[in-house]
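A closer look at the structure
Single-letter residue listing:
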Amino acid sequence: MQVTVGRIGRPHGVRGDVVVGVRTDEPELRFTPGSRLDTDPEDVGPLTVAAVRWHSGELLVRFEGVRDRDAAGELRGTWLIVDSSTFAPSDDPDEFHDSELVGLTVRTVDGTEIGVVEDVSHSGQDLLTVRAGTREILVPFVRAIVTDVDVANGVLVIDPPPGLIDLQETL
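First things first, this report covers the structure right here in the doc. (Residues numbered from 1 in each chain as written. Predicted model: local features only at pLDDT ≥ 70, side-chain atom pairs only at ≥ 80, totals over all residues. Heavy atoms only, no water.)

1. A few points about the environment of Gly 9
- Turning to its location among the elements, Gly 9 is positioned in strand β1 (residues 2–12).
- Counting along the chain gives 64 residues from Gly 9 to Gly 73, while the straight-line C-alpha distance between them is 8.3 Å.
- Setting aside its immediate chain neighbours within four residues, Gly 9 contacts Val 19 and Arg 76. (Helix = DSSP H or I, 4+ residues; strand = E, 2+ residues; numbered from the N terminus. Contact = heavy atoms within 4.5 Å.)

This is the structure in structure tokens:
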């Protein structure tokens, strides 16, 4: 599965650096010199990181072959993508990559199948978007509701509070 890790913004300076809007919680792993990143649009890349540094809270990246401000400006708006199979598994049993959660079957603690995790959102609070037939259900990704995540067996178990899911409409 392809995962977006950043988006190229404006050029910075005259040597080909660009500001990258980070879309990963591990920029130090994704943006290291020598890292190869696929792109959207595809014809721009792949791009290989030549140098990286933080400046005033912004990630500045220089890619191989991009030697000046004009060439850097042509990359603006390009999405940077990696294959999720390159991610190392987390040592924390309660931490998951989004790509591990997408596609899991969602069941309640009593075994009632609700749907499938379609997306994970990180705006304010982590939310799972669960596709339940034609409906979309947002489930807060917190331990009080998500009681078990079994990636190996493809199942995520929830104990929804009253009102979160109307099982009559879902089933």
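On we go from here.
2. A short note on the sheet that holds strand β3 (residues 36–40)
- On the basis of which strands lie adjacent, the closed barrel formed by six strands has the order β1-β2-β5-β4-β3-β6 and antiparallel pairing. With direction set aside, neighbouring strand axes in the sheet form an average angle of 50 degrees.
- As defined by bridge partners, strand β4 (residues 47–55) adjoins strand β5 (residues 58–63) across six bridges and the pair is classed as antiparallel. Along β5, the bridge assignment pairs Val 49 with Phe 63. (Pairing = 2+ DSSP bridges. Axes fitted to C-alpha atoms, helices over the stretch in contact; angles between N-to-C directions.)

3. Focus on the sheet that holds strand β10 (residues 135–140)
- With mixed pairing, six strands are arranged side by side in an open sheet as β10-β9-β8-β7-β12-β11. Two strands in the sheet have a free side with no partner beyond their single neighbour: β10 and β11 (146–150). The mean inter-strand angle of the sheet, taken between neighbouring strand axes irrespective of direction, is 35 degrees.

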